[in-house]
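These are the residues of each chain, in order.
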Amino acid sequence: MTTAGVRDPAADAGPAPAAGAARALLRLAWLYAVSRRLPAALALMLALGALLWSALHWHWSIAGGPAARELITLTVQAGAAAVVAVSSYGPFGEAERATGRWLPYLRLGTALVLFAVAFGALTAGAAAGTLPGGTGGQLRDLAGFTGLGLLSAAALGGTFGWTGPMAYLIVTEVALTGHPATPWVWAARPPSDRGAALCTAAVFAAGLAAVTMFGGRETGRRSLYAGLGFLAGLLPVGVVSQMAEPDRWFAGKLAVVTGGGSGMGRELACQLAAAGCSVATCDWHADEVAETAVRAQANAAAEVLVTGHGGDVSDEEQVLRFRDELLAQHGRDHVDLVFANAGIGGGSSFVNDSREDWERVFANDWWSVYYCARAFLPLLIASGDGVLVNTSSVNGLWASLGPGMTNSAYATAKFAVRGFTESLIEDLRTHAPQVRVALVLPGHVGTDIVANSLRARGLPGPGQMTGAQLAELLPPGARAGLAKAGLLPENPSLEELRQTMARMVNDFRDKAPLTPARAATIILDGIRAGAWRILVGRDAAMIDAAVRAKPDAAYDYAELFSQEGSA
Amino acid sequence: MTTAAAAPARARRPRTRTAAPVGVARLLRIELRRNTMPWLLPLIAALFWFDSYRPSTTMPALWVLQTFWNLGQGHTIIDFGPFVAGVAAWMGSRDGRRNVTDLATTTARPRWTVQLITWAATAIWAVGGYLVFVGAMFAVYAGQHVQGQPPWWWVVAGAAAVAAFSAAGFAAGAFVPSRFAAPLAAFGGFLALIMSSQTGFNDTSGWAWILPTNSNGNFQPDSGMLYPYLPDLPLARIMLMAGLTLALLGLTGLPARAGGRTLRRAAAVVTVAGLALAGTAIGLVDAAHLGPHGVVIPALHDAANDRTLSYTPVCSRAAGVPVCVNPAYESGLAGLSAALTPVVREWSGLPGAPDRAVQTPAVYDSANGGSGQIMTISGQPAVLGIPLGALGISGAFGATGGQVGGELQLLAEHAFVGAGESRGTRAQQAVEAALLQGTGLPFSQQPALLSSTGLPSWAPPVPDPHHPDGPPPATGPVYDAARRLAALPSAARHAWLAAHLAALRSGQLTLAQLP
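Note that the coordinates shown come from a computational prediction; the quantities given were computed from them, not determined experimentally. (Residues numbered from 1 in each chain as written. Chains lettered and ligands numbered in written order. Predicted model: local features only at pLDDT ≥ 70, side-chain atom pairs only at ≥ 80, totals over all residues.)

(A) Geometry of the pairing of strand 3 (residues 306–310) of chain A. All names here are of chain A. In terms of residue burial, strand 3 counts as a mostly covered element, since five of its five residues are buried. Burial along strand 3 is two-sided: the face carrying Val306, Gly308 and Gly310 and the face carrying Thr307 and His309 are both buried. Here strand 2 (residues 278–283) runs beside strand 3; their pairing, made up of five bridges, is parallel. Following the sheet pairing, Thr281 is matched in strand 3 by Gly308. (Buried ≥ 20, exposed ≤ 12 C-beta atoms within 10 Å, placed from the backbone. Helix = DSSP H or I, 4+ residues; strand = E, 2+ residues; numbered from the N terminus. Pairing = 2+ DSSP bridges.)

Written out as structure tokens, the structure is:
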């Protein structure tokens, strides 16, 4: 039926005027769309995405880290790109062949439509928090994969359009697992990398050109195109990446990062080092900060020095010792950037928690920032172009975590950090204009802050906790809430409580809407752009907007987050 | 059309014994010539170079390290598996896509036979490509005089995996003949391999060892140098892959149009046999355990493989005492001697000080990190036993000479104070720390080094009740005592050690008794 319907206008209408041609094109596009190709492609993309995502997410939500989460997204993107390539570029039946000279453009149109659908699905996934990454990163990676798929289709034949994304996915997997392949891999690079964006654009454009130029041919000199296609697809990635001007903003500078043993601190250290910036990072877990230093150094240029220092930044004496150590080791008399990032959670209730707990959290989250400012401000002034970056929190905007979830010490400290940092803006502008200050307000980022906070309280891992420790961490009110949510039985055993605690610790890290790597990228982008206020994550932006829009309803949760009238 | 028309005539012709094999060979030759797999081999070659070969070049020149990433962690299988599955699905779906299934069914040869020949051609290209690429890589290694022995069993296990992926893809294509069969089979193969790797990271024992890209226990630190690669696990994986291959190919012979009743019965038998073989392999692996030389599967284990390999050691006297290692480690001998020099100098004249050092086999337990790598001092005269282990030498996995040297010094001092596999008494810990300071390893660096060696640490990252905010490194009573001891004049410290070493090693000395 379709074949006959398509063939008629081409065979009988003869040369058509412009309006007729447009009508014919629309009709052919419609026939193309209602043939089995597009529905099949869409269904396959959906099925493939759901299958890969659910399997990988289910599995890696237990065991995976940021690299695994990146790979989930890349696998879905590569699969979608393969479907786009295979669907838009042969082999074709009579229906498509009958479109004659319009066939290349129909293929191009199909590729663009399917690309748009895939991009929409991916951004929806990112918005819902099921996939990591922002819109820019999704667009770049999907475009790159699709371009490779179309090039592969042009080179090897339409059905082999999957080979390009598949090959690239494997290469990317190597890079994500830490092997020295990064110059080639755009997908493993920060979204702000212009070289990677340029490569992607080039590959995508080449893919679209290939599908249009070779779109009218069923067979061709594939033996010739086979090698050339992959060279055309893969070589520009490496060559342009290598040629692209590296990010020079941070190059040659010396940054101080506190809390560098894990999470955002570790990622900040690694990304700064990769951008050519020497880093001195400290953490009270000496072995973990040493590992950070090794990781950061591994991806850094030869002239970059990364040092790890053990120390507790809530103790001024140790901050001063850290300062002296790093100046000696780096052979500098100034520092250019200070990221006061260290922090822990806890001290939830002013009423119920011990004074010792409350004050420990406050000291770690507030005094550490204050002592770092005291210790490093003269060195930032000496830099002539210093930046002090203080990490507050979304709880520096809103002193709650929701109904029944207190956060007293943490929120108090984070409000203090925010107030202090904002007060420094005018102070520095007036008395030390060579230094600027930035306030970081992260939402939920997949860090180890929960596990670190337990360690800071002297508690063992969840698997070794005693009943008394668990009773303190999960009081009756919290247990009732968990039971209501189906996360805990009514009368849980000790082992069930331990498992629940372990799950809470792991879920905070693994099921966060934002990875530490992305958070670090957002922070560094903000610093580079000169922002003084950096919201990290959609949840942070949402809460910021809601609290500003309805200050009187800030702690009336139903009202605060009701859609009506919210910003 | 020609085939169909000619078939009845050929069927009536009296057959000779050689007619069938010759016909199959001819058909195989045709399928080999028209197969799609060769088109993908250049791409796989590029991927193989990038993913399998290139990362290995950053490793020291030992077979166990050069092949750790590509064969030990299964990346060669990841490079081949998805593509082979995709192409095999393309070949398997060929008749279905062209709507000639009915036509092919009416030819002289049963459809299943023809399908098997098509699969065989695909598998020959795939496995052949795999063997050629691995062979070329091995030739490069051999040209670079890489030390030790190649892991031949793992090469065979990889080839079996490639064949299994081709069978899986072919079966998928045969049952779902669509243009999307190839990409779906490829992405399904990739997903299976990644899940296999990830499950392998979590499950370090039992059935999970059978997974084709599970790297746990595959290679041990001295495999191919001090002891052979154990073939137990690769044998089990070969059994699994062969079983899956048989079962999947047998499945394609079950549909009614695959052939006559006898042939379909044969296909059913092949399917059942394949499943039985795969199930047996999984069952065997479930009883496996990690031995000192690798994964031991009792039913497959040959005790002859437990032997250590004989070798003539190479020695150096640069440290002040003879230090002897396996010739494969000769390039690291200078670094080892340099690390031991200050240690031996410190020990000089003390009771029980070793008068030579020899390499002993190292064992790596992936479930417990690097623990078990302790040095020993034994015999009369005393000999220091050093488990070097390829996985922990300078240059392996980014380890620097300084890090490795520090770890060697720490392990030597740990053995010298008699702490054995435990963290030792507090007095032993303090003396060990003071001796390390004497060798040039500052107190501040010792806690991190302790955790990296896998030894029980007395300055653990998990805080103790006395330091709820997390202990600053190298502080506390142990380090206070160590600092006191280290501050003594060298002669006084030496004299005190000479007088108290026996009591220290027997654990009778307390921290308060240190000077």
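Let us keep going from here.
(B) The arrangement of the environment of Ala268 of chain B in detail. Secondary-structure assignment places Ala268 of chain B in helix 13 (residues 261–286). Ignoring sequence-local partners within four residues, the contact set of Ala268 of chain B consists of Gly250 and Leu254 of chain B. (Contact = placed C-beta atoms within 7 Å.)

(C) Seen up close, the confidence of the model for chain B. Residue and element names in this part refer to chain B. The share of residues in chain B with pLDDT of 70 or more is 86%, and the mean pLDDT across the chain is 84. Element-level pLDDT for chain B is lowest in helix 1 (residues 2–12), with a mean of 45, against a maximum mean of 96 in helix 10 (residues 152–175). A low-confidence stretch, residues 1–12 (pLDDT under 50), is modelled with eight contacts involving residues beyond four sequence positions or located in other chains. Across residues 460–472, confidence stays below pLDDT 50; counting only partners more than four residues off in sequence or on other chains, it has 29 contacts. With a pTM of 0.67, the predicted complex shows an ipTM of 0.77. (pLDDT = per-residue confidence, 0-100.)

(D) Region of the structure containing the packing of helix 11 (residues 263–274) of chain A against helix 20 (residues 516–529) of chain A. Residues and elements named next belong to chain A. Two elements in contact, helix 11 and helix 20, have axes whose closest approach is 8 Å; the angle formed by their N-to-C orientations is 60°. Relative to helix 20, the element helix 11 is oriented oblique. Viewed along their axes, helix 11 and helix 20 form a crossing whose handedness is right-handed. When helix 11 is examined against helix 20, the residues Gly263, Met264, Arg266, Glu267, Leu268 and Gln271 are found in contact with a partner set consisting of Pro516, Ala517, Ala519, Ala520, Thr521, Ile523 and Leu524. Residues that form the contact of helix 11 with helix 20 fall into these classes: eight nonpolar, three polar and two charged. (Axes fitted to C-alpha atoms, helices over the stretch in contact; angles between N-to-C directions. Parallel < 35°, antiparallel > 145°, perpendicular 65-115°, else oblique. Left-handed = near helix turned anticlockwise from the far one by under 90°. Nonpolar A, V, L, I, M, F, W, Y, C, P; charged D, E, K, R; others polar.)

(E) Representation of the sheet that holds strand 3 (residues 314–316) of chain B in the model. Residue and element names in this part refer to chain B. Ordered in space as 3-4-5-7-6, the five strands form an open sheet in which the pairing is mixed. Either end of the sheet is taken by a strand with one partner, and the two such strands are strand 3 and strand 6 (376–378). Averaged over all adjacent pairs, the angle separating strand axes in this sheet is 25°, with direction ignored. As defined by bridge partners, strand 3 adjoins strand 4 (residues 323–325) across three bridges and the pair is classed as antiparallel. Its bridge partner lying in strand 4, Cys315 is registered against Cys324. Here helix 14 (residues 333–347) sits on the sheet in contact with strand 3, strand 4 and strand 5 (356–359), set at roughly 145° to strand 4.

(F) How the structure looks around the sheet that holds strand 7 (residues 533–536) of chain A. Residue and element names in this part refer to chain A. Taken in spatial order, the seven strands of this open sheet run 3-2-1-4-5-6-7, and their pairing is parallel. Taken across any chain shown, the strands that pair with only one partner, and hence form the sheet edges, are strand 3 and strand 7. Strand-to-strand, the axes of this sheet are offset by a mean angle of 15°, without reference to chain direction. Two elements, strand 5 (residues 386–391) and strand 6 (residues 435–442), share six bridges in a ladder whose sense is parallel. Of the residues in strand 6, the one forming a bridge with Thr391 is Val440. Against the sheet, helix 13 (residues 316–330) engages strand 1 (254–258), strand 2 and strand 3, with an angle of about 155° to strand 3. Packing of helix 15 (residues 408–431) onto the sheet brings it into contact with strand 5 and strand 6, and relative to strand 6 it is tilted by some 155°.

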